[in-house]
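Structural features, examined
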Amino acid sequence: MVRKTAGWRYDPEKDKQIQEYTIIGYAATRAEALQMLAEFNQNPFDIKAAKITFQEVYECWSKEKFPTISVSNVHGYEASFKVCGALNNKPFKDIKLADLQFVVDTCGKNYPTLKKLKSLFSQLYDYAMKHDICNKDYAEFVDILRYKDRNPDKRDRNKFTSEQIQRLWELADDPYYQIVLMLIYNGCRISEFLDLRKEQVHLDEQYFDVIASKTDNGIRKVPIADKVLPFYQAWYEGSTCEYLLHTPDQKHFDYRNYYDSYFTPLMEQLGYTQTPHCTRHTCISLLAEAHVDQTMIKKIVGHSGAMTLTERVYTHLDISALVDAINRI
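Residues numbered from 1 in each chain as written. Predicted model: local features only at pLDDT ≥ 70, side-chain atom pairs only at ≥ 80, totals over all residues. Heavy atoms only, no water.

Next up on the list: the overall build of the protein. Scanning the protein from terminus to terminus reveals 15 helices and 5 strands. Taking all 329 residues of the protein together, 44% fall into the buried category. Counting only contacts in the protein whose residues sit at least 6 apart along the sequence, the fraction spanning at least 24 positions is 62%. A total of about 18000 Å² of accessible surface is found on the protein, and carbon and sulfur atoms cover 49% of it. (Helix = DSSP H or I, 4+ residues; strand = E, 2+ residues; numbered from the N terminus. Buried < 20%, exposed > 50% of the residue type's maximum accessible area, 1.4 Å probe, protein only. Contact = heavy atoms within 4.5 Å. Areas by Shrake-Rupley, 256 points an atom, 1.4 Å probe, with all protein chains shown as cover.)

Right under this line is the structure:
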């Protein structure tokens, strides 16, 4: 044990002053302990802060960060944190590069997801260093490039076949199968659609506004195809919930609830293996097969990083053109 005198207190039973200590840490040998004490004396740190765990840093950071970002970004950080279980109870200052790299190497996630994970590490280290919880940022040394070509979630690219879509149409009296069809015919990210409020839906003009997205290009107007317009009308008029989609008790869908309790059981019932992201991939594929212009496709689905400067700045497509495009599938 490496400890340092923190003060004195009077013990009336022993009638003398008792020394009180603050524990700095523990070492395997006396030599290492003396080195730890010398380093502390040279550069004292907040003992209380030094005991804060990875999970506690995440909780403190998220309270500040989450109110300032979109719901989809919050979900991204929450998903990244879930794979960090091995770090949760470890004092943040004791975490080394090997610990962070272990999470990356064993979580089995694809490259885009690992980028989000590394971003979470970086933000937590920024917060920790700002509050003197640690004095070195190991996040910048985490290696994810070795996984650049990895895509273990291949079924996320498993588009719905024409036969599968036809089967969904046969079941379209069920409002929760309707959601799957609505996603296939709008190309939205699932988080964008679940967070859609009624005030953003314009039934007469046949479009809705996505006002919060993971990318700047994701902020857009999304056309509503003629064939699924009745579904939007039914969901819009059939509840008092402020969100277009909702649970049976008129509550906002969070992603986990929708995925676990609705989407997955529906897919299992049909023997399908697709995920919600497959609806987006299906929409893009159907638009391409219908020979819809690439710029039009990017505008509809809000593709990030794929637009040229001309497409981003100078191309202004009116809603009627977007509706005509989506109606081709």
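The next thing to look at is unusual backbone geometry. Phi at Q206 is positive, roughly 60°, even though this residue is not glycine. Summarising the element assignment, Q206 is placed in the loop between strand 3 (201-202) and strand 4 (207-210). Overall, the relative accessible area of 15% leaves Q206 in the buried class. If you check the backbone angles, Q250 has positive phi at about 70° while not being a glycine. Its place among the elements puts Q250 in the loop between helix 10 (229-237) and helix 11 (255-270).

Quick look at helix 11 now. Between its first and last C-alpha atoms helix 11 spans 21 Å; for 16 residues at 1.5 Å apiece the expected length is 22 Å, and the two agree. F263 marks the point of greatest bend in helix 11, at about 30°, and the proline P265 comes within the next four residues. Along helix 11, the residues that are buried comprise Y258, Y259, Y262, F263, L266 and M267. Contacts made by the buried residues of helix 11 are with helix 8 (175-184), helix 9 (190-194) and helix 12 (276-289). Directly beyond the C-terminal end of helix 11, a positive phi value near 75° is found at G271. (Expected span 1.5 Å × (residues − 1). Bend = angle between axes of the 7 residues up to and from the residue.)

This part takes up the sheet that holds strand 3. If you trace the 3 strands from one edge of the open sheet to the other, you get 3-4-5, paired in antiparallel fashion. The sheet is open, and its two edges are formed by strand 3 and strand 5 (220-223), each paired on a single side. Bridge count for strand 4 against strand 5 is 4 bridges, and the pairing is antiparallel. From the neighbouring strand, V210 faces strand 5, where its bridge partner is R220. (Pairing = 2+ DSSP bridges.)

Our next topic: the pairing of strand 2 (residues 16-25). Of the pairings in the sheet, the one linking strand 1 (residues 2-11) to strand 2 comprises 9 bridges and is antiparallel in character. Across the sheet, residue D11 finds its bridge partner in strand 2, namely K16. Turn length for the strand 1-strand 2 hairpin, with the two strands adjacent in sequence and antiparallel, is 4 residues, and the turn residue D15 shows positive phi of about 55°.

This next bit is on the packing of aromatic side chains. Pairs of aromatic rings are described using the distance from one ring centre to the other and the angle between the two planes. Enumeration over the complete set of coordinates arrives at 23 aromatic pairs. A centroid spacing of 6.1 Å and a plane angle of 55° characterise the contact between Y258 and F263, whose relative ring orientation is tilted. Taking relative accessible area as the criterion, Y258 reaches 0% and is therefore assigned buried. Taken together, the ring pairs in this structure connect F54, Y58, W61, F66, Y77, F81, F92, Y125 and Y138 into an aromatic cluster. (Phe/Tyr/Trp six-rings, centres within 6.5 Å; stacked < 30°, edge-to-face > 60°.)

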